[in-house]
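Coordinate analysis (summary)
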Protein chains: 2
Amino acid sequence: MSEQAARKRTRGGGGAARRAERTAVVIETAKYIERNIPNFEILNEEALEIIETNAETVLAEIGVNFVNNPAALERWRNAGADVDGERVRIPRGLARQLCSTAPREFTQHARNPEKNVVIGGRNLVLAPVYGPPFVRDMNGGRRYATMDDFRKFVKLGYMSKWLHHSGGTVCEPTDIPVNKRHLDMLQAHMTLSDKPFMGSVTEPSRAQDSVEMCEILFGKQFVQDNTVMTSLINVNSPMTFDDVMMGAMEVYAENNQACILSPFIVGGAMAPVSVAGTLTQVLAEVLAGIAYNQLVRPGAPIIFGTFVTSIDMNSGAPTFGTPEASHILYGAGQLARRMNLPYRSGGGLCGSKLPDAQAAYETSNTLNAALMGGVNFMLHACGWLEGGLVSSFEKFVMDADQLGVLHHLARGVGVTEEDQAMGAIAEVGPGGHYLGCAHTQANFKSAFWRTNLLDYKPFETWEEEGARDTVTLAAKRVETLLNTYQQPELDPGIAEALDAYVATKKASMPDAFT
Amino acid sequence: MSEQAARKRTRGGGGAARRAERTAVVIETAKYIERNIPNFEILNEEALEIIETNAETVLAEIGVNFVNNPAALERWRNAGADVDGERVRIPRGLARQLCSTAPREFTQHARNPEKNVVIGGRNLVLAPVYGPPFVRDMNGGRRYATMDDFRKFVKLGYMSKWLHHSGGTVCEPTDIPVNKRHLDMLQAHMTLSDKPFMGSVTEPSRAQDSVEMCEILFGKQFVQDNTVMTSLINVNSPMTFDDVMMGAMEVYAENNQACILSPFIVGGAMAPVSVAGTLTQVLAEVLAGIAYNQLVRPGAPIIFGTFVTSIDMNSGAPTFGTPEASHILYGAGQLARRMNLPYRSGGGLCGSKLPDAQAAYETSNTLNAALMGGVNFMLHACGWLEGGLVSSFEKFVMDADQLGVLHHLARGVGVTEEDQAMGAIAEVGPGGHYLGCAHTQANFKSAFWRTNLLDYKPFETWEEEGARDTVTLAAKRVETLLNTYQQPELDPGIAEALDAYVATKKASMPDAFT
């Protein structure tokens with residue numbers, strides 16, 4: 001073989017290897033964000049103390065309602081609260097004292113231990129959109145969500161590098177009976193992804209099913225010893241804790257599983273029209289809810305949640321990405337940190353009907369505030385559209401790309417000798433350029449965040465390729481991701497046991513659609 | 001007249017008055033932002049000191065070039081710098097000491113004194129896009145900008161509530177000779193708007209023309225005693241100060257007019273690929289440039305400018321709204337504040353070709369960082385598209401609407417008794433709602449930021465009205481604003497004098513198109 005032929009052969013082999021590398025699907029997941037930047041603190045000490053004092057006044061003098069829940073009333077009575085019918089008035093300091101047994105951070109385990117997340121401290125864990133009954137994509141428009149859509153979102157979440165968590169109800173699979181869909185949803189998270197996920201909260205019995213399915217996936221003892229679900233418990237604001245949500249939370253607490261205790265507030269409707277008033281109510285509700293959680297099981301992992309929008313006083317519609325929502329996000333973060341609790345807020349929230357500029361302005365406003373405001377768990381980080389009525393396929397990958405911006409922002413600014421680049425500045429000198437210098441060559445690959453989606457092409461190229469907007473590029477990316485999706489391996493015995501559990505449960509109940 | 005008829009008549013009159021009110025064009029301009037929120041500080045003391053020390057090393061050991069400017073070299077030599085050819089090496093501490101005569105804030109006067117702006121301190125002044133040779137609108141697409149486009153942008157700026165400043169080259173009027181267009185541009189700002197504006201920097205003689213036109217508008221002595229222009233002086237990074245920009249700056253400084261001394265950096269090309277390295281170079285350049293400005297006239301108003309993007313290492317294109325750009329924006333703000341200088345950075349920067357979701361993500365990332373990072377003067381706050389190649393009519397009004405978000409964010413959180421809303425919380429109680437309560441009724445009008453553009457309508461209404469996206473809504477708003485524009489009053493004698501000045505100047509030169 002001549003030297004030339006050998007070289008050719010080597011090049012051929014190299015080319016084939018490079019092609020194979022390009023073809024292979026690399027599913028990379030970034031570690032949850034560990035912030036190396038300070039939190040933005042909008043409230044001064046005086047404002048914090050006013051709000052904290054007022055929240056105690058609300059609990060002591062106005063109180064909160066625990067509805068249809070005699071066991072909860074009994075727990076409160078025993079703890080020293082004043083129970084009058086369903087109204088619970090909590091003496092000053094008691095709720096905060098009860099909350100103090102909750103951990104300041106906890107690990108939520110994934111079935112792939114590399115994807116465990118630590119929720120709390122200076123970390124930020126990102127989870128996708130939760131709850132919409134509709135989906136939208138560029139070609140199909142807006143329609144009721146199905147289980148097929150749900151599975152697609154779980155696959156997209158699995159393949160999204162900057163998403164740490166598979167989430168929960170990524171959309172409502174409306175083609176499955178209400179009383180059975182939690183089984184299919186959980187099975188999808190457990191089998192189509194290996195990231196951590198959320199449990200069902202729509203009935204206490206469904207929370208119990210969630211625990212049992214986790215016992216199949218992780219082992220019975222593991223579930224009792226470790227947190228494997230973080231589930232969303234909304235407060236019926238103002239200051240009402242209903243038996244369904246509290247019942248689900250009781251199941252999770254008893255099984256050592258985490259909850260997010262979240263006031264769900266449209267400011268001006270479910271809370272006062274002022275930021276300070278809303279923060280007062282949020283804090284009172286969280287204090288009462290988390291105190292109750294700790295009454296059920298001291299030490300149970302729980303997150304200080306806030307979900308706040310304001311109302312458009314013209315139309316009555318909820319709004320997103322507004323300055324008042326950011327104020328509340330920042331303020332509630334400070335209140336959570338003073339309680340040493342993990343904090344949930346933010347997300348890619350928007351009111352727009354389409355994944356257009358409005359959606360992106362509103363989303364970025366909220367994503368940036370959540371990073372700066374010290375959020376530890378961000379639900380709705382990608383895919384949210386139309387005030388949470390719609391899960392958007394394109395917006396899912398658009399937002400997921402922007403989550404990379406948050407990762408890089410959180411790194412902060414390094415000042416090692418390499419970072420200082422004094423050699424490069426001397427080498428290049430006045431009037432030179434840095435593209436070819438040694439420092440640039442050594443560092444350019446990791447120096448800058450790189451998009452997987454956005455367009456940076458020259459105008460002429462972009463025009464020749466069809467002058468595509470962001471949504472068009474995103475639709476293409478959704479298609480590519482779904483076409484190249486490969487299911488993460490799972491022990492066949494576990495997969496079969498999950499199948500059997502779901503089949504048996506489904507067979508035990510008639511279908512219910514309301 | 002019966003009581004009923006009288007009531008009817010009154011109602012009729014009231015209705016007519018209300019109709020008249022709706023028809024009248026109310027041109028409201030918000031006061032510049034006075035922040036009531038802290039600045040976000042990303043660098044710790046150690047990092048700041050490293051960067052400051054390194055910048056002094058760059059000036060002392062590498063130096064900067066002042067090109068084709070013997071007078072500048074002479075000034076530097078007299079000030080104690082080491083001048084070697086065109087290279088100026090500045091002993092440690094000298095540049096910073098020279099910079100200390102610059103004012104920490106200054107007032108830029110508008111011809112309508114209500115629209116004067118104070119640049120510096122905790123304020124933020126917002127000015128529109130600057131420099132694009134192209135314009136884009138939804139119907140006409142992308143095309144070379146004309147003077148007619150320029151006038152339209154000035155009118156839109158005049159009518160934009162959240163914009164405090166008319167800006168400068170809102171687009172390049174390519175249909176006017178290069179050597180004459182500054183005259184038309186200035187005349188447009190002076191006559192079509194009453195907000196403050198920027199002067200020409202493309203030749204020292206054009207800076208002189210700008211001063212002379214201001215002397216007509218404001219009076220000769222007023223211009224010498226007061227700042228009536230803030231003009232953009234870019235550094236030719238790395239570390240090169242060309243004679244055109246320096247010549248223009250000399251004219252402005254000699255006439256007590258403000259400049260922004262801005263390194264113009266695409267990170268990885270004109271500065272090191274690291275944030276700390278870029279900040280070092282930015283600081284060195286600003287120190288040298290502002291020191292030179294103060295050598296020309298101690299006490300001349302001047303702004304610490306930063307314009308930094310990073311490069312996409314795949315395509316070589318500049319990128320916007322990236323985390324590294326935000327890091328630099330935050331860091332440079334800290335460096336500026338340590339010099340007690342007003343700070344310019346940020347804007348509605350984006351790389352997208354269309355005013356789509358990419359444009360809005362990138363824009364919001366930058367707008368938010370600029371507010372949090374303590375920027376005092378924000379050029380490109382609205383209308384910027386395609387990396388600054390294009391002024392977009394729709395994006396102008398889209399971004400201008402988002403600037404309202406910054407105003408409300410900057411207000412911070414009030415904790416007056418009214419803000420605390422304890423009465424409302426007690427009145428409404430658990431399970432109630434706040435829409436009808438007295439506190440909501442008293443406060444809802446001013447409580448929340450309200451968009452002039454974005455869609456909050458119910459889905460069905462939105463669909464019936466054509467399922468319009470943000471750009472479509474924006475195109476409609478552009479049309480409405482331009483149709484209802486009314487020129488602010490101007491003394492006819494001044495208007496005629498400006499006409500005569502422009503005509504005489506134009507007649508004195510042959511047309512030049514390069």
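Keep in mind that what you see is a predicted model, and the values were worked out from it rather than measured.

Remarks on the overall build of chain A
Helix and strand counts for chain A come out as 19 helices and 19 strands. Rg of the C-alpha trace for chain A: 25 Å, near the compact-globule value of 24 Å for 514 residues, within the 12% margin. Overall size of chain A, expressed as C-alpha extent along the three principal axes, is 95 × 60 × 45 Å. Burial status across chain A gives 63% buried among its 514 residues. Taking all contacts inside chain A whose residues are at least 6 apart in sequence as the whole, residues at least 24 apart take part in 77%. Only carbon and sulfur atoms are counted for the fraction: they give 49% of the accessible area of chain A, which is about 18,100 Å².

Remarks on the sheet that holds strand E3 (residues 82-84) of chain B
All names here are of chain B. Spatially, the 4 strands line up as an open sheet ordered E3-E4-E2-E11, and their pairing is mixed. Of all the strands in the sheet, just E3 and strand E11 (240-241) have a single pairing partner and so form its edges. Bridge analysis of strand E2 (residues 64-66) against E11 gives 2 bridges, and the strand direction is parallel. Residue pairing for E11: Phe-66 is matched across the bridge by Phe-241.

Side note on the environment of Glu324(B)
Summarising the element assignment, Glu324(B) is placed in helix H11 (residues 323-338). Sequence separation between Glu324(B) and Leu482(B) is 158 residues, and the spatial gap between their C-alpha atoms is 38 Å. Polar side-chain contacts of Glu324(B) include one of 3.2 Å to the side chain of His408(A).

Things to note about the interface of chain B and chain A
Interfaces are frequently sized by the accessible area removed from exposure as the parts join. Every contact between the two is made by 109 residues of chain B and, on the other side, 108 residues of chain A. Summed over both partners, the interface of chain B with chain A buries about 9,100 Å², with 69% contributed by carbon and sulfur atoms. When the area that chain B buries against chain A is broken down by residue, the three leading residues are Tyr361(B), Phe448(B) and Tyr456(B), summing to 9%. The tally of links between chain B and chain A comes to 2 salt bridges. When the shortest N-O distance is used, the salt bridge between Lys353(B) and Asp455(A) registers 2.6 Å. On the surface where chain B and chain A come into contact, there are 38 residue pairs in polar contact (both at pLDDT 80 or more). For the side of chain B that touches chain A, the class distribution of residues is 53 nonpolar, 38 polar and 18 charged.

Focus: the packing of aromatic side chains
Residue and element names in this part refer to chain A. All told, the structure shown has 32 aromatic pairs over all chains when counted by the stated rule. By way of ring pairs, the aromatic residues Phe-66, Trp-76, Phe-241 and Tyr-292 are connected into one cluster. Here Arg-142 stacks its cationic end above the ring of Phe-134, 4.0 Å away from the centre of that ring.

Topic: helix H19 (residues 492-507) of chain A
The end-to-end C-alpha distance of H19(A) is 22 Å, a good match for the 22 Å that 16 residues give at a rise of 1.5 Å each. Structurally, H19(A) contributes buried residues whose contacts are with helix H6 (181-192) and helix H7 (204-218) of chain A.

Topic: the relation of the copies chain B and chain A
Between chain B and chain A, which share one sequence, the superposing operator has a rotation angle of 180 degrees and an axial displacement of 0.0 Å; the RMSD is 0.0 Å. Expressed as a symmetry operation, the mapping of one chain copy onto the other fits a two-fold axis. Nearest to the rotation axis, the C-alpha of Ala357(B) is located 2.1 Å from it, this being the minimum over chain B. Taken together, the interface assignments show that 99% of the residues at the interface of chain B recur at the interface of chain A, consistent with an identical surface on both copies.

Comments concerning the pairing of strand E13 (residues 302-305) of chain A
Residue and element names in this part refer to chain A. Along E13, one buried face is formed by Ile-302 and Phe-304 and the opposite face, lined by Ile-303 and Gly-305, is buried too. With helix H10 (residues 275-296) bridging strand E12 (residues 258-267) and the parallel E13, this β-α-β connection has right-handed handedness. Relative to strand E16 (residues 343-344), E13 runs parallel, the two being bridged by 2 bridges. Within E16, the residue paired with Phe-304 across the bridge is Tyr-343.

A few points about the nonpolar core
Within the largest apolar cluster, 320 residues are counted, with the highest numbers of intra-cluster contacts made by Phe66(A), Trp76(A), Phe304(A), Phe66(B), Trp76(B) and Phe304(B). Aside from chain neighbours lying at most four places away, what touches Phe66(B) is Ala72(B), Leu73(B), Trp76(B), Glu86(B), Val88(B), Phe241(B), Met246(B), Ala288(B) and Tyr292(B).

Re the environment of Ala95(B)
All names here are of chain B. If you trace the backbone, Ala-95 turns up in helix H4 (residues 94-99). Expressed as a C-alpha distance, the spacing of Ala-95 and Ala-284, which sit 189 residues apart in the sequence, is 8.9 Å. For Ala-95, the residues in contact, after removing those within four places along its chain, are Leu-59, Ile-90, Leu-287 and Ala-291.

Observations concerning the sheet that holds strand E19 (residues 390-392) of chain B
Residue and element names in this part refer to chain B. One open sheet accounts for 4 strands, arranged E9-E8-E19-E18; its pairing is mixed. Lying at the two open borders of the sheet, with one neighbouring strand each, are strand E9 (141-144) and strand E18 (384-385). The pairing of strand E8 (residues 134-137) with E9 spans 4 bridges and is antiparallel. Residue pairing in the sheet places Arg-136 in a bridge with Arg-142 of E9.

Here's the deal with the confidence of the model for chain A
Residues and elements named next belong to chain A. Looking at chain A, pLDDT values average 94 and 95% of them are 70 or higher. A low-confidence stretch, residues 1-14 stays under pLDDT 50, and its non-local contacts, those more than four residues away or across chains, total 2 contacts. Interface predicted TM-score (ipTM) for the complex: 0.94; the corresponding pTM is 0.95.

A few points about the packing of helix H2 (residues 45-62) of chain A against helix H11 (residues 323-338) of chain A
Residues and elements named next belong to chain A. Direction vectors running N to C along H2 and H11 enclose 75 degrees, while the axes themselves pass 11 Å from each other. Judged on the interaxial angle alone, H11 and H2 are roughly perpendicular. Each of Glu-45, Leu-48, Glu-49, Ile-51 and Glu-52 in H2 lies in contact with H11, whose residues at this interface are Gln-334, Leu-335 and Arg-338. For the contact of H2 with H11, the residue count by class is 3 nonpolar, 1 polar and 4 charged.

Quick notes on the pattern of salt bridges
Within this structure, the stated rule accounts for 50 salt bridges over all chains. Between Lys395(B) and Asp399(B) there is a salt bridge, with its nearest N and O atoms 2.8 Å apart. Residue Lys395(B) and its partner Asp399(B) are located together in helix H13 (residues 393-410), separated by 4 residues, close to a single helical turn. For the pair shown, Lys395(B) and Asp399(B) are each scored as buried. Among the ionic contacts, a cluster of salt bridges with common partners joins Glu45(A), Glu52(A), Glu56(A), Arg96(A) and Arg338(A).

Examining the side chain of Glu394(A)
All names here are of chain A. By the element assignment, Glu-394 lies in helix H13 (residues 393-410). Here Glu-394 sits buried without a salt bridge, and the closest side chain of opposite charge, Arg-136, lies 7.4 Å off (N-O distance). Beyond its immediate chain neighbours, meaning those up to four positions away, Glu-394 contacts Arg-136, Asp-137, Met-138, Val-471, Ala-474, Ala-475 and Val-478.

With respect to the pairing of strand E12 (residues 258-267) of chain B
Residues and elements named next belong to chain B. Where burial is concerned, most of E12 is hidden: 9 out of the 10 residues are buried. Alignment of strand E10 (residues 230-235) against E12, held across 6 bridges, turns out to be parallel. Bridge pairing links Val-235 to Pro-263 in E12. Alignment of E12 against strand E13 (residues 302-305), held across 3 bridges, turns out to be parallel. Residue pairing in the sheet places Leu-261 in a bridge with Phe-304 of E13. Looking at chain direction, E12 and strand E14 (residues 307-311) are connected through 4 bridges and run parallel. Pairing of Phe-264 across the sheet is with Phe-307, part of E14.

Section: the packing of helix H12 (residues 357-372) of chain A against helix H12 (residues 357-372) of chain B
Contact pair H12(A) / H12(B): the axes reach a minimum separation of 8 Å and the direction vectors enclose 35 degrees. Of the two elements, H12(A) crosses H12(B), and the hand of that crossing is right-handed. Touching Ala357(A), Ala360(A), Tyr361(A), Thr363(A), Ser364(A), Asn365(A) and Asn368(A) of H12(A) are Ala357(B), Ala360(B), Tyr361(B), Thr363(B), Ser364(B), Asn365(B) and Asn368(B), all from H12(B). Counted by class, the contact of H12(A) with H12(B) contains 6 nonpolar, 8 polar and no charged residues.

Details of the environment of Gly168(A)
Here Gly168(A) lies in the loop between helix H5 (147-158) and H6. Excluding its chain neighbours within four sequence positions, the residues that come into contact with Gly168(A) are Tyr130(A), Phe150(A), His189(A) and Met198(A).

Conventions we followed
- Residues numbered from 1 in each chain as written.
- Chains lettered and ligands numbered in written order.
- Predicted model: local features only at pLDDT ≥ 70, side-chain atom pairs only at ≥ 80, totals over all residues.
- Heavy atoms only, no water.
- Helix = DSSP H or I, 4+ residues; strand = E, 2+ residues; numbered from the N terminus.
- Rg over C-alpha atoms; globule rule 2.2 N^0.38 Å.
- Buried < 20%, exposed > 50% of the residue type's maximum accessible area, 1.4 Å probe, protein only.
- Contact = heavy atoms within 4.5 Å.
- Areas by Shrake-Rupley, 256 points an atom, 1.4 Å probe, with all protein chains shown as cover.
- Pairing = 2+ DSSP bridges.
- Polar contact = N/O pair within 3.5 Å; in protein donor to acceptor, adjacent residues only side chain to side chain.
- Buried area = accessible area lost by both parts, 1.4 Å probe.
- Salt bridge = Lys/Arg side-chain N within 4 Å of Asp/Glu carboxyl O.
- Nonpolar A, V, L, I, M, F, W, Y, C, P; charged D, E, K, R; others polar.
- Phe/Tyr/Trp six-rings, centres within 6.5 Å; stacked < 30°, edge-to-face > 60°.
- Lys NZ or Arg CZ within 6 Å of the ring centre and 35° of its normal.
- Expected span 1.5 Å × (residues − 1).
- Least-squares fit on C-alpha atoms with pLDDT ≥ 70 in both.
- Right-handed = clockwise from strand over helix to strand, strands pointing away.
- Core = buried A, V, L, I, M, F, W, Y, C linked by side-chain atoms within 4.5 Å.
- pLDDT = per-residue confidence, 0-100.
- Axes fitted to C-alpha atoms, helices over the stretch in contact; angles between N-to-C directions.
- Parallel < 35°, antiparallel > 145°, perpendicular 65-115°, else oblique.
- Lys, Arg positive; Asp, Glu negative; His and termini not counted.
- Left-handed = near helix turned anticlockwise from the far one by under 90°.

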